[in-house]
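So you can see what is in the structure, the chains are spelled out below.
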Amino acid sequence: MKCDSRAYLLGQQSVSGWGLQPRFQEYIIRVQRGISVENSWQIVRRYSDFDLLNNSLQIAGLSLPLPPKKLIGNMDREFIAERQKGLQNYLNVITTNHILSNCELVKKFLDPN
């Protein structure tokens with residue numbers, strides 16, 4: 001099955017813990033398969049989801065441009081904006097490469113279920 005999907009990072013939202021301090025970011029992604037707008041959906045992914053996908057693809061010998069992890073200062077606005085650009089670039093690579101876009105791991109990552 002051919003997978004002509006594109007993915008657009010629409011934005012991010014902070015998820016807070018008990019102390020109402022942001023604990024992590026969730027990234028809102030619109031996925032569109034083909035040219036029909038009716039064939040689109042939104043998914044929410046954390047950086048750790050991207051990292052898991054990337055690690056699985058690395059096992060297959062692929063090195064892709066995932067922005068690096070950052071443990072301290074990862075809720076800084078400037079860092080979040082830069083990471084968002086990097087994640088959009090990553091999405092562009094995995095959806096425009098014919099082999100990657102047809103890979104089961106990528107399809108599952110972009111799937112709304």
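Residues numbered from 1 in each chain as written. Predicted model: local features only at pLDDT ≥ 70, side-chain atom pairs only at ≥ 80, totals over all residues. Heavy atoms only, no water.

Labelled according to an unreviewed UniProt entry, the chain appears under the name PXK isoform 14, originating from Pan troglodytes. Looking at the chain in UniProt, the text filed under Subcellular location (unreviewed entry) is "Cytoplasm". (UniProt positions renumbered as here; feature names shortened; annotations may be inferred.)

Caption draft 1: Local environment of the packing of aromatic side chains. Summed over the entire model, instances satisfying the criterion amount to two aromatic pairs. Ring geometry for Phe50 against Phe109: centres 5.0 Å apart, planes inclined by 65°, an arrangement best described as edge-to-face. A residue pair is termed long-range when its members are at least 10 positions apart, and Phe50 in helix H1 (residues 47-59) and Phe109 in helix H4 (residues 104-110) qualify at 59 residues. On the accessibility criterion, Phe50 (0% relative accessible area) is buried. Taking relative accessible area as the criterion, Phe109 reaches 7% and is therefore assigned buried. One residue, Arg45, lies across the ring of Phe109, its end atom 5.5 Å from the ring centre. Note that Arg83 overlies the ring of Tyr47, its terminal NZ or CZ placed 3.7 Å from the centroid. (Phe/Tyr/Trp six-rings, centres within 6.5 Å; stacked < 30°, edge-to-face > 60°. Helix = DSSP H or I, 4+ residues; strand = E, 2+ residues; numbered from the N terminus. Buried < 20%, exposed > 50% of the residue type's maximum accessible area, 1.4 Å probe, protein only. Lys NZ or Arg CZ within 6 Å of the ring centre and 35° of its normal.)

Caption draft 2: Layout of the pattern of salt bridges. Applying the stated criterion across every chain yields a total of two salt bridges. Residue Lys69 pairs with Asp51 through a salt bridge whose shortest N-O separation is 3.0 Å. Taken together, the residues Lys69 in the loop between H1 and helix H2 (77-96) and Asp51 in helix H1 connect sequence positions 18 residues apart. Residue class for Lys69 comes out exposed when judged on its relative accessible area of 57%. Using a relative accessible area of 13% as the deciding quantity, one classes Asp51 as buried. (Salt bridge = Lys/Arg side-chain N within 4 Å of Asp/Glu carboxyl O.)

Caption draft 3: Highlighting the nonpolar core. Within the largest apolar cluster, 21 residues are counted, with the highest numbers of intra-cluster contacts made by Ile29, Phe50, Tyr90, Leu91, Ile94 and Leu110. Counting only elements with at least two residues in this core, the list comes to strand S1 (5-16), strand S2 (22-33), strand S3 (40-46), H1, H2 and H4. In this structure, Ile94 is in contact with Leu53, Leu64, Leu100, Ser101 and Val106, ignoring residues within four places of it in sequence. (Core = buried A, V, L, I, M, F, W, Y, C linked by side-chain atoms within 4.5 Å. Contact = heavy atoms within 4.5 Å.)

Caption draft 4: Spatial organisation of H1. The end-to-end C-alpha distance of H1, which contains 13 residues, comes to 18 Å, matching closely the 18 Å that a straight helix rising 1.5 Å per residue would cover. Those residues of H1 not exposed but buried are Tyr47, Phe50, Asp51, Leu53, Asn54 and Leu57. Looking straight down H1, one finds its buried side chains confined to an arc of 165°; they lie on one side. Away from its buried face, by an angle of more than 90 degrees, H1 presents the exposed residues Leu52 and Ile59. Two residues or fewer after H1 comes Gly61, characterised by a positive phi angle close to 95°. (Expected span 1.5 Å × (residues − 1). Arc of directions from axis to C-beta.)

Caption draft 5: Main features of the side chain of Gln32. Assignment of secondary structure puts Gln32 in strand S2. A distance of 2.8 Å separates a polar atom in the side chain of Gln32 from a polar atom in the side chain of Arg30. Here Gly34 takes part through its backbone oxygen, which lies 3.5 Å from a polar atom of the side chain of Gln32. Setting aside chain neighbours within four positions, we find Gln32 in contact with Asp4, Ser5, Arg6, Val37, Asn39 and Ser40. (Polar contact = N/O pair within 3.5 Å; in protein donor to acceptor, adjacent residues only side chain to side chain.)

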